[in-house]
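Here is how the chains run, residue by residue.
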Amino acid sequence: MFSTSAALGVRSSLRQCWHQGVARRGFSSTRAWMMTSETTDINKVTVIGGGQMGSGIAQVVATKKYNVTLVDVSQEALDRGKAYMAKSLKRVAKKKHGDNEQAQTQFVDEVLSRVALSTNPSSAVAQTDLVVEAIVENIGVKQKLFAELAKAAPESAILASNTSSLPISRIAEAVDPARRSQFIGLHFFNPVAQMKLVEVVRTDASDAQTVERAVAFVKSIGKEPAVCKDTPGFIVNRLLLPYMMESIRLLERGVASARDIDTAMKLGAGYPMGPFELCDYVGIDTIKFIVDGWYKEGAGLKGDKTFGPSKTLDDLVASGRLGVKAGKGFYDYPKK
């Protein structure tokens, strides 16, 4: 349950793309929260979900000398998560210490020593200051988890979801109304170790102190927070998906080929990757999952033709052309 992330593709694709060339109540202004000090009262962090995102978050947190507990449903899943962290940390150590193998090993071992593993969510959060959930993009599963966590975690603990496509306020409905002031979104991007941005998502119920604490924590782990309201897609995906969908509409209307549209955006707009290349990196099934959800019930987006049914998307998904991960999408990707 915890190791899967249906919307991982959008986060992964942003790293792939940018690395190639670019890369409540009473809130007065978003920028005010960006000025918060990096001092934080958070000491213990619990990450729920040992998949690529969860493991990446745990790695970054532990690298910044926090004690972190990584939680998943099985020891096997946790072992995979720890192996992922070790592999990633070795790359970091190589860059940090060059050919000094002893220093490399010491660095990796020290970071991993700060990561505890657990298959019991309730006990793992009993003394935590911050919970970050990074499990499957299924609102029912997330709500069930948070209903359990809210009862077990200290009253002062922040409850955060790493979802990229689901409303934070809907997930928070699973917890007691009194706890919703401490419920927010912390949307990391993949790979977490390289991507600097974290979207800090506040709901109408999120209080000022919770947002301040979250922003301070994000800065303390070397990331850049961007605070936004709880709206479909938050900031990045809200801008990214319409761009992708309009590109697909141009193709469907016969305005230009996918290749020519990609070329135009790379050479004319300076983008490092064209929209169809980006779609393939995101995962075409992931794009369809998100836009279908927005079209059917997205706040302010329900019935919006921008996200309406696309025969191109439907046909690609039905034929298994899901993008790079499938070896074929808008383009073919021969195995090396």
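Residues numbered from 1 in each chain as written. Predicted model: local features only at pLDDT ≥ 70, side-chain atom pairs only at ≥ 80, totals over all residues. Heavy atoms only, no water.

## A closer look at a positive patch on the surface
Then, in step 1: Taken together, the side chains of Lys64, Lys65, Lys96 and Lys196 present a region of like positive charge at the surface.
Then, in step 2: Examined against the element boundaries, Lys64 turns out to sit in the loop between helix H3 (52-63) and strand S2 (67-71). (Patch = residues over 30% accessible without salt bridge, like charges linked within 9 Å, V, L, I, M, F, W, Y side chains within 5 Å. Areas by Shrake-Rupley, 256 points an atom, 1.4 Å probe, with all protein chains shown as cover. Salt bridge = Lys/Arg side-chain N within 4 Å of Asp/Glu carboxyl O. Lys, Arg positive; Asp, Glu negative; His and termini not counted. Charge placed at Lys NZ, Arg CZ, Asp CG, Glu CD. Helix = DSSP H or I, 4+ residues; strand = E, 2+ residues; numbered from the N terminus.)

## Some remarks on unusual backbone geometry
Then, in step 1: For the bond running from Asn190 to Pro191, omega is -5°, close enough to zero to count as cis.
Then, in step 2: Relative to the helices and strands, Pro191 resides in the loop between strand S6 (183-188) and strand S7 (197-202).
Then, in step 3: With a phi close to 55°, Phe234 is a non-glycine residue in the positive phi region.
Then, in step 4: Note on placement: Phe234 falls in the loop between strand S8 (224-229) and helix H10 (236-252).

## Details of the environment of Val227
Then, in step 1: Structurally, Val227 can be placed in strand S8.
Then, in step 2: For the pair formed by Val227 and Arg202, sequence separation is 25 residues and the distance between their alpha carbons is 7.3 Å.

## Structural notes on the packing of helix H12 (residues 275-282) against helix H13 (residues 284-297)
Any two packed helices are characterised by how steeply their axes cross, that is the angle between the axes, and by the distance between the axes.
Then, in step 1: The contact between H12 and H13 brings their axes to 6 Å, and the two run at 90°. Judged on the interaxial angle alone, H13 and H12 are roughly perpendicular. On H13, the residues touching Cys279, Asp280 and Val282 of H12 are Ile284, Thr286 and Ile287.
Then, in step 2: Here the residues of the contact of H12 with H13 are counted per class, giving four nonpolar, one polar and one charged. (Axes fitted to C-alpha atoms, helices over the stretch in contact; angles between N-to-C directions. Parallel < 35°, antiparallel > 145°, perpendicular 65-115°, else oblique. Contact = heavy atoms within 4.5 Å. Nonpolar A, V, L, I, M, F, W, Y, C, P; charged D, E, K, R; others polar.)

## So, the packing of helix H4 (residues 75-97) against helix H5 (residues 101-113)
Then, in step 1: Two numbers describe how H4 lies on H5: the axes approach to 9 Å, and their chain directions differ by 140°. With respect to their mutual orientation, H4 and H5 come out oblique. In this structure, H4 crosses over H5, and the sense of that crossing is right-handed. Counted together, Lys82, Met85, Ala86, Leu89, Lys90, Val92, Ala93, Lys94, Lys96 and His97 of H4 and Ala103, Gln104, Phe107, Val108, Val111 and Leu112 of H5 form the full contact between these two elements.
Then, in step 2: When the residues that make up the contact of H4 with H5 are grouped by side-chain class, the tally is ten nonpolar, two polar and four charged. (Left-handed = near helix turned anticlockwise from the far one by under 90°.)

## Quick look at the confidence of the model for the protein chain
Then, in step 1: Looking at the protein chain as a whole, the pLDDT averages 90, with 89% of positions reaching at least 70.
Then, in step 2: Predicted confidence for residues 1-12 stays below pLDDT 50, and this span has 49 contacts to residues more than four positions away or in other chains.
Then, in step 3: Ignoring residues within four places in sequence, the model shows residues 14-37, a span with pLDDT below 50, making 52 contacts including any to other chains. (pLDDT = per-residue confidence, 0-100.)

## Re the packing of aromatic side chains
The geometry of an aromatic ring pair comes down to the distance between the two centres and the angle between the two planes.
Then, in step 1: A complete count under the given rule lists five aromatic pairs for this structure.
Then, in step 2: Where Tyr66 meets Phe217, the ring centres are 5.3 Å apart and the plane angle is 70°; that geometry is what we call edge-to-face. Of this pair, Tyr66 sits in the loop between H3 and S2 while Phe217 sits in helix H9 (residues 208-220), placing them 151 residues apart in sequence. Assigned by exposure class, Tyr66 and Phe217 land together as buried. (Phe/Tyr/Trp six-rings, centres within 6.5 Å; stacked < 30°, edge-to-face > 60°. Buried < 20%, exposed > 50% of the residue type's maximum accessible area, 1.4 Å probe, protein only.)

## Examining the pattern of salt bridges
Then, in step 1: In the structure shown here, the tally under the stated rule is 14 salt bridges.
Then, in step 2: We note a salt bridge from Lys311 to Asp315, for which the minimum N-O separation is 2.6 Å. Taken together, the residues span about one helical turn, with Lys311 and Asp315 both in helix H14 (residues 311-318) at a distance of four residues.
Then, in step 3: Among the charged side chains, a salt-bridge network with shared partners connects Glu133, Glu137 and Lys142.

## A few points about the sheet that holds strand S1 (residues 44-48)
Then, in step 1: With mixed pairing, the eight strands of this open sheet are ordered in space as S3-S2-S1-S4-S5-S6-S7-S8. With one partner strand each, in any of the chains shown, strand S3 (115-118) and S8 form the two edges of the open sheet. Within this sheet the neighbouring strands show an average axis-to-axis angle of 25°, counted without direction.
Then, in step 2: Those strands touched by H3 are S1, S2, S3, strand S4 (130-133) and S6, and its axis lies near 170° from that of S2.
Then, in step 3: Packing against the sheet, H4 makes contact with S2 and S3, and its axis sits at approximately 160° to S3. (Pairing = 2+ DSSP bridges.)

## A closer look at the side chain of Gln182
Then, in step 1: Positionally, Gln182 belongs in the loop between helix H8 (168-172) and S6.
Then, in step 2: With relative accessibility at 13%, the residue Gln182 sits in the buried group.
Then, in step 3: Only 2.5 Å separates the side chain of Gln182 from the backbone oxygen of Glu155, close enough to count as a polar contact.
Then, in step 4: With residues up to four places along the chain from it excluded, the contact list for Gln182 reads Glu155, Ser156, Ala157, Ile158, Leu159 and Thr210. (Polar contact = N/O pair within 3.5 Å; in protein donor to acceptor, adjacent residues only side chain to side chain.)

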